[in-house]
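# Descriptive structure summary
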Amino acid sequence: MSRYIRFDWAAKHILRDKADFVVFEGLISSIIGQKMTIIEMLESESNQETRDDKYNRVDIKAKNEQGEIILVEIQQTRELDYLQRMLYGVAKAITEHIAVKAPYSDVKKVYSINILYFNIGEGEDYLYHGQTVLKGVHTGDILRLTDHERNDLNVLPPENVFPDYYIIRVDMFNKPKLDNYLEEWMDYLKNERINPDTKAPGLKEASERLDRLKMTEKEQREYWHYIDTLKRDTDVEKTKLLEAEIAGRKKGLEEGRVQGLEEGRVATNREHAVKMKTKGLPDDMIAEITGLSLDEIRQLKAM
């Protein structure tokens, strides 16, 4: 089986023509479980080459036949506030694609697809999907449109208005046997492999465009520079996490040692206080000598 160019690099540097829409359509359709037809690729600021480009994030921004916005973000390195960034990206897309004086009915649904090469949260799955659901606080029922609203007034139901969020944790995918189109795409995203007999939407076209052997010398230099930079940035992030973990352990051990010494000191003082009470010393004098409170001393029993 051939080895192919990483999808994040290809999305930024190679798959930019209208003929390549079929590749993105295949990926998106496999993730959300419904056919998507892209009519336009929208400019995304992270895909613009800049002097400070760190090669760790790629955005794909597209519009489908219904005018809905699809955001696909591929993130290589950890971001602690990534969920907030997902929300901001959706909000920004909504406001960017509606005129100031346009009616609210012009607001378009947004699909936020996030392909992450780091683990976020806890869970056993590699694909998570969420959407806003309006649920009765006391009854537990789901708020739905009436037939009159839906059929006569053409009101859109919540699922056609509120954004859909998808999080794909690439590193969590681990299946030797691929059973569906999504798993074939996941195998490519993680291992850069494509079955030559694949029927997965978009993957056949991807294999024809993204074979490493078909790259020009210039593309190969740029690609391997990207891989080297990516490895370096990943190593830096791993080192930061390891150093933070070691520092946390040291702090915990030191705090534990200090707490143990304090507990030992208090226990020793209590033993001395008991002996003093046995000898008939007044409580206020015992408190002054041991540092214990009068309440603690009064609760102690003489030997």
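Coordinates for the structure precede this section.
Okay, so let's go over this structure. (Residues numbered from 1 in each chain as written. Predicted model: local features only at pLDDT ≥ 70, side-chain atom pairs only at ≥ 80, totals over all residues. Heavy atoms only, no water.)

### A look at the overall build of the chain
- Helix and strand counts for the chain stand at nine helices and six strands.
- Relative to the 2.2 N^0.38 estimate, which gives 19 Å for 303 residues, the radius of gyration of the chain is 30 Å and therefore markedly larger than a compact globule would have.
- When the 303 residues of the chain are sorted by exposure, 37% land in the buried category.
- As displayed, the chain offers around 19100 Å² of accessible surface, 52% of which is attributable to carbon and sulfur atoms. (Helix = DSSP H or I, 4+ residues; strand = E, 2+ residues; numbered from the N terminus. Rg over C-alpha atoms; globule rule 2.2 N^0.38 Å. Buried < 20%, exposed > 50% of the residue type's maximum accessible area, 1.4 Å probe, protein only. Areas by Shrake-Rupley, 256 points an atom, 1.4 Å probe, with all protein chains shown as cover.)

### Looking at the sheet that holds strand β1 (residues 38–42)
- Taken in spatial order, the six strands make up an open sheet running β1-β2-β3-β4-β6-β5, and their pairing is mixed. Among the strands making up the open sheet, the edge pair consists of β1 and β5 (127–131). Within the sheet, the average angular offset between the axes of one strand and its neighbour, ignoring direction, is 20°.
- In this sheet, strand β4 (residues 110–116) lies alongside strand β3 (residues 69–75) in parallel orientation, the contact comprising seven bridges. Bridge pairing links I69 to V110 in β4. (Pairing = 2+ DSSP bridges. Axes fitted to C-alpha atoms, helices over the stretch in contact; angles between N-to-C directions.)

### Overview of the side chain of E68
- Among the structural elements, E68 can be located in the loop between β2 (57–64) and β3.
- Lacking a salt bridge, the buried E68 has K109 as its closest oppositely charged neighbour, with an N-O distance of 6.2 Å.
- Here N64 takes part through its side chain, which lies 2.8 Å from a polar atom of the side chain of E68.
- Residues in contact with E68, not counting those within four places in the same chain, are M36, A62, K63, K108, K109 and Y111. (Lys, Arg positive; Asp, Glu negative; His and termini not counted. Salt bridge = Lys/Arg side-chain N within 4 Å of Asp/Glu carboxyl O. Polar contact = N/O pair within 3.5 Å; in protein donor to acceptor, adjacent residues only side chain to side chain. Contact = heavy atoms within 4.5 Å.)

### Some points on the pattern of salt bridges
- One pass over the full model with this rule turns up 14 salt bridges.
- Among the salt bridges present, the one from R6 reaches D8, with a minimum N-O distance of 3.3 Å.
- According to the relative accessible area criterion, D8 is buried, its value standing at 2%.
- For K175, the salt bridge goes to E183, with nearest N and O atoms at 2.9 Å.
- Classification of E183 as buried rests on a relative accessible area of 6%.

### Some thoughts on the nonpolar core
- Judged by nonpolar contacts, the single largest core of 49 residues is most densely connected at F7, I31, I113, I115 and L210.
- Among the elements that take part in this core, helix α2 (residues 21–32) stands out by supplying seven residues, more than any other.
- Apart from the residues within four sequence positions on either side, I113 is in contact with I28, I31, I32, I70, L71, V72, E73 and Y166.
- V266, M276, I286 and L300 belong to the second-largest nonpolar core, a separate cluster that totals nine residues. (Core = buried A, V, L, I, M, F, W, Y, C linked by side-chain atoms within 4.5 Å.)

### Digging into helix α5 (residues 181–191)
- In terms of residue burial, α5 counts as a mostly covered element, since eight of its eleven residues are buried.
- For α5, every residue scored as buried is listed here: L182, E183, E184, W185, M186, D187, Y188 and L189.

### Here's the deal with the environment of I227
- As for its position among the elements, I227 is in helix α7 (residues 217–278).
- The buried category is assigned to I227, whose relative accessible area is 10%.
- Taking C-alpha positions, I227 is 54 Å from T146, a pair spaced 81 residues apart along the chain.

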